[in-house]
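Descriptive analysis of the structure
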Amino acid sequence: MIKKIGFVVVTLLFVALAWYLFVKPSDYIINFKVKTTPGTVVQSIKTWNNNLTASTITEQHGTSALVQERQFGDSTVTYTYHAYAINDSITKVSVGVKDAEHSLKNRLTVPFANTLFKERSTANVMEFYEALNEHLKQIKIEITGIEKTPSTYCAYIPLKSMQEAKALGMMRNYGYIGDVLTRNNVELNGPPFVEVTEWNQETDSISYNFCFPIIRSENLPITDEIKYKRLFEKDALHAVYNGNYITSDRAWYALLAYAKRNNIEVDAKPLEVFFNNPNMGGNELEWKADIYMPLKQESPVEVD
């Protein structure tokens, strides 16, 4: 009996060792927790990666995981990030690091010594952790529950871009739309807003209408770029966002996470109402936007 138990134990140890040396996806794993959503973590990794040399995002899996490849001399090191929501406010980030050319050596040495691979991996993840926390100090998101989206007639320009370029599209067209409406004595009816019509969460690409609410009249200016339509109110999850409008999509992920936790079905086509002109600068934490994530409707609402 004792021999059988010993055989089982030795077999299990052998299997575990073989898995660790040859099957385990990563050579080294680093974990940390942060007060934000998985979507914000993933987007922040991309922003941080844009400022690195010899570094590429090679894969993305939904809004909670991606793969980054970094080159260090003759080594190509893969960082695989997984972000898990622990509760309403905390996300656990697990970073698996692997150097395929030196994987066996790393696995044999990492548990027992502070190797260059281990120290460099820890330093790189810590660099991102610090960048992420600095970013989180520059934004504020408060979810207030279900509210009505604005109902208004509007002048708009349809645009397409990556999420991070949305604010640039607004800035480029803010003066143009405003000038055309002012020259033609069109009465404004509130702050400008963005209506997202398509959002590809895998590629971060969006189609959106940059809109100016107006009072409808019979003599609206006709141009090749500016179009007109009416938006009707909808029930939507609402959040107040403070920060640079480039990263207002952080509120999108917060609203999606809130909807998931509370079993609320939403249509992932956010609407953002902006109360500050980004062209004017100023303290970004004082910039305000109302962010709406519409609830799913049984049938689409007709617009004229």
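The structure this text deals with has already been given above.
Below you will find a few notes about this structure. (Residues numbered from 1 in each chain as written. Predicted model: local features only at pLDDT ≥ 70, side-chain atom pairs only at ≥ 80, totals over all residues. Heavy atoms only, no water.)

For helix α4 (residues 116–136), spanning 21 residues, the distance from its first C-alpha to its last is 30 Å, which sits close to the expected 30 Å at 1.5 Å a residue. Among all positions in α4, only Phe 117, Lys 118, Ser 121, Asn 124, Val 125, Phe 128, Leu 132, His 135 and Leu 136 are buried. The buried residues of α4 all sit within an arc of 140° when viewed along its axis, so they share a single face. Those residues of α4 that are exposed and aimed more than 90 degrees away from the buried face are Leu 116 and Glu 130. (Helix = DSSP H or I, 4+ residues; strand = E, 2+ residues; numbered from the N terminus. Expected span 1.5 Å × (residues − 1). Buried < 20%, exposed > 50% of the residue type's maximum accessible area, 1.4 Å probe, protein only. Arc of directions from axis to C-beta.)

By the definition in use, this model includes zero disulfides. Free cysteine: Cys 211, not disulfide-bonded; nearest cysteine sulfur from Cys 154 at 4.1 Å. For Cys 211, a relative accessible area of 0% translates into the label buried. (Disulfide = S-S within 2.5 Å.)

Bringing the pairing of strand β4 (residues 75–85) into the picture now. Sheet topology places strand β3 (residues 65–72) next to β4; eight bridges connect them, and they run antiparallel. Bridge pairing in β4 links Ala 65 to His 82. Between β3 and β4, which pair antiparallel and follow one another directly, the connecting turn spans two residues, one of which, Gly 73, has a positive phi of 60°. Direction of pairing for β4 relative to strand β5 (residues 91–99): antiparallel, over a ladder of nine bridges. (Pairing = 2+ DSSP bridges.)

Taking 1.5 Å per residue, twelve residues should reach 16 Å; helix α2 (residues 38–49) reaches 17 Å between its end C-alpha atoms and fits that length. For α2, the full list of buried residues reads Pro 38, Gly 39, Thr 40, Val 41, Val 42, Gln 43, Ser 44, Ile 45, Lys 46, Trp 48 and Asn 49.

This part is about the pattern of salt bridges. One pass over the full model with this rule turns up seven salt bridges. Between Arg 261 and Asp 88 there is a salt bridge whose closest N-O contact spans 2.9 Å. Of this pair, Arg 261 sits in helix α6 (residues 249–261) while Asp 88 sits in the loop between β4 and β5, and the two are 173 residues apart along the sequence. Here Asp 88 falls in the exposed class, since its relative accessible area comes to 58%. The salt bridge involving Glu 272 is made with Lys 166; its shortest N-O contact spans 2.9 Å. One end of the pair, Glu 272, is in strand β12 (residues 271–274); the other, Lys 166, is in helix α5 (residues 166–183), with 106 residues separating them in the sequence. The pair Glu 272 / Lys 166 is uniform in exposure class, with both members buried. (Salt bridge = Lys/Arg side-chain N within 4 Å of Asp/Glu carboxyl O.)

With respect to the secondary-structure elements, Arg 250 resides in helix α6. Sequence-distant contacts of Arg 250, that is, excluding residues within four places in its chain, are made with Thr 40, Gln 43, Ser 44, Thr 47, His 135, Ile 139 and Ile 141. (Contact = heavy atoms within 4.5 Å.)

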